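An overview of the molecular structure
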Amino acid sequence: MLLIFPFLIMSGAVQAAAPSYDAYGSWLVACDNALTCEAKGFLLGDDVTSIMSDKEPETAPVNGAVDLRFIRGAGPNGVIEARLTADFSFGLSDLRMDGRPLLLDRFAWTLNTRDGVTTLFSKRPEVVAMFVAQLRNANRVQVGDAIVPLSGLSAALLRMDDRQGRVGGATALIGMGPKAADLVPPAPLLSPVPSAQHAILLARMERDRLRAWTKRAQARFIKKQGCDSPDQETGDLLEAEVYGLDKNNALVLVGCRVAAYQDMFLVFVVPRTGHGRPEPAGLPGPVLSKKDTGDEGGVVVSPDFDGGTGTLTDFYKGMGQAYCGASHAWRWDGHHFVLTGMTFQLGCGGSASGDWPTLYRSKVQ
């Protein structure tokens, strides 16, 4: 062990970082557990569901599907990218900054249009730095008739600099200073994904038994969630689903509520044999606000279970077209569910539905 610790320090191995999500004006900045950060700006929509209970929903109207992002990996040599995306075609001549032409070196940027979506991007650090310098004192970027507000941009990029340990250094975007680039901390290590646990196909009789036992044993918990009562239209949608996790445990998903574009389920881990009782599954998640507990509380939205890997996923839409929301992936490791992936976006808007910043990822072995 005495030999291992110096090696870990010299090789730059660092424990995974705590994910973070912050909002500044019309900009968000999300950093995952490897400190890859994404600052994203867009015109916020008025159809916003507040996922984090201690934040107020945004209320500005939507005007065009366009967003601007700055994405950067951690460490002294973390790759940086500036990316402007719209769900319509545009060219450099369509870009304005506060009503004036936005002058960009066409040889320093790449412009791609595919399936009606246009992306303008550059991964050259000096080009990105010059672009940030242009935008810092402006109010908005215009792409045709669509707008990306710049209120909050500097604060978001400063937060990115701070999380990656760049403030006061040569690689900072906002808090630049004399510190050498090689003093930036290395990127944290990612946790490996647990080995795949192939689900066991259960006989119908066992599925029926586990389903009934779970509903009976956890009747109080189910009632506390305010679940809908099954009727002729929702009965099939609320039917509990049962999967064999391994020789000792099963997964039971109890339908709770039916909404216009997504359904809520309660998740239980149920012993197949021996002692014990059905219990709400522990579904870990990052702590993003003071009220977060670090566990999803055994409640998921639009779940799916991959029996080939033992992976449970969910997909929560903050609005019908999924311009905000959250998704998770948890894998069964033989004892409990382990978080392996998460995306999240609070304010509704941007260039594409379901295109939310990554907050957690794992290393695939």
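In the block above lies the structure referred to throughout.
Below: a short report on this structure. (Residues numbered from 1 in each chain as written. Predicted model: local features only at pLDDT ≥ 70, side-chain atom pairs only at ≥ 80, totals over all residues. Heavy atoms only, no water.)

**Comments concerning the nonpolar core**
Among the nonpolar cores identified, the biggest contains 40 residues, and Trp27, Leu68, Phe70, Leu84, Phe131, Leu135 and Leu157 are the most heavily contacted of them. Among the elements that make up this core, the one with the highest residue count is helix 2 (residues 125–135) (five residues). Listed in part, the 27 residues of the second largest apolar core include Ala30, Phe265, Ala281 and Phe337. (Core = buried A, V, L, I, M, F, W, Y, C linked by side-chain atoms within 4.5 Å. Buried < 20%, exposed > 50% of the residue type's maximum accessible area, 1.4 Å probe, protein only. Helix = DSSP H or I, 4+ residues; strand = E, 2+ residues; numbered from the N terminus.)

**Remarks on the packing of aromatic side chains**
Within this structure, the stated rule accounts for nine aromatic pairs. Plain terms: the ring middles of Phe88 and Phe90 are 6.5 Å apart, the flat faces sit at 65° to each other, and that makes the pair edge-to-face. Aromatic rings pair up to connect Trp27, Phe70, Trp109 and Phe131 into one cluster. (Phe/Tyr/Trp six-rings, centres within 6.5 Å; stacked < 30°, edge-to-face > 60°.)

**A closer look at the state of the cysteines**
By the definition in use, this model includes three disulfides. One disulfide in the model links Cys31 with Cys37; its S-S distance is 2.0 Å. The chirality of the disulfide connecting Cys31 with Cys37 is right-handed, given an S-S dihedral of about 110°. The exposure class assigned to Cys31 is buried, which follows from its relative accessible area of 1%. In this structure Cys37 comes out as buried when scored by relative accessible area, which is 1%. Cysteines bonded in the protein chain are numbered consecutively along the chain; their disulfide partners then correspond to 1-2, 3-4, 5-6. (Disulfide = S-S within 2.5 Å.)

**Concerning the sheet that holds strand 20 (residues 337–345)**
One open sheet holds the five strands; their spatial order is 17-18-19-20-21, and the pairing between them is antiparallel. Lying at the two open borders of the sheet, with one neighbouring strand each, are strand 17 (304–306) and strand 21 (358–361). Neighbour-to-neighbour, the strand axes of this sheet turn through a mean angle of 15°, independent of strand direction. (Pairing = 2+ DSSP bridges. Axes fitted to C-alpha atoms, helices over the stretch in contact; angles between N-to-C directions.)

**Observations regarding the sheet that holds strand 7 (residues 100–101)**
Taken in spatial order, the four strands of this open sheet run 7-6-10-11, and their pairing is antiparallel. Each end of this open sheet is capped by a strand with a single partner; those strands are strand 7 and strand 11 (146–149).

**Looking at the pattern of salt bridges**
Going through the model one piece at a time under the given rule, you end up with 14 salt bridges. The salt bridge partner of Asp208 is Arg204, with a shortest N-O separation of 4.0 Å. Within this pair, Asp208 and its partner Arg204 are both found in helix 4 (residues 204–217), separated by four residues, close to a single helical turn. Since its relative accessible area comes to 37%, Asp208 is described here as partly exposed. Each of Glu38, Asp67, Arg69 and Asp355 takes part in a single network of salt bridges with overlapping partners. (Salt bridge = Lys/Arg side-chain N within 4 Å of Asp/Glu carboxyl O.)

**Overview of unusual backbone geometry**
Here Asp98, not a glycine, exhibits a phi torsion of approximately 55°, which is positive. Of note, Asp98 is situated in the loop between strand 6 (95–97) and strand 7. Even without being a glycine, Asp115 presents a positive backbone phi close to 55°. Along the polypeptide, Asp115 turns up in the loop between strand 8 (110–114) and strand 9 (117–122). On the accessibility criterion, Asp115 (76% relative accessible area) is exposed.

**Here we look at helix 2**
Among all positions in helix 2, only Val127, Val128, Phe131, Val132 and Leu135 are buried. In an axial view of helix 2, the angular spread of the buried residues amounts to 135°, which keeps them on one side of the axis. Along helix 2, the residues that are exposed and aim more than 90 degrees away from the buried face are Met130 and Ala133. Buried positions along helix 2 lie against strand 4 (66–72), strand 5 (80–86), strand 6, strand 9, strand 10 (140–143) and helix 3 (153–163). (Arc of directions from axis to C-beta. Contact = heavy atoms within 4.5 Å.)

**A few points about the environment of Asp246**
Relative to the helices and strands, Asp246 resides in the loop between strand 12 (241–244) and strand 13 (249–258). Once the C-alpha coordinates of Asp246 and Gly334 are considered, the two residues, 88 residues apart in sequence, prove to be 7.1 Å apart. Excluding residues within four positions of it along the chain, Asp246 makes contact with Ile200, Arg272, Trp332 and Gly334. In this structure the side chain of Asp246 is engaged in a polar contact, spanning 2.7 Å, whose partner is the backbone nitrogen of Asn249. (Polar contact = N/O pair within 3.5 Å; in protein donor to acceptor, adjacent residues only side chain to side chain.)

**Some thoughts on the side chain of Thr340**
Relative to the helices and strands, Thr340 resides in strand 20. Exposure remark for Thr340: the relative accessible area of 14% places this residue in the buried category. With near-sequence residues (within four places) excluded, Thr340 lies in contact with Val193, Pro194, Ala329, Trp330, Arg331, Tyr360, Arg361 and Ser362.

**Thoughts on the pairing of strand 4**
Summarising burial for strand 4: seven of the seven residues are buried, a large majority. Burial along strand 4 is two-sided: Val66, Leu68, Phe70 and Arg72 facing one way and Asp67, Arg69 and Ile71 facing the other are all buried. Note that strand 3 (residues 37–41) and strand 4 share five bridges and pair antiparallel. Looking across to strand 4, one finds that Lys40 is bridged to Arg69. The pairing of strand 4 with strand 5 spans seven bridges and is antiparallel.

Geometric descriptors of this kind do not, in isolation, establish any biological role.
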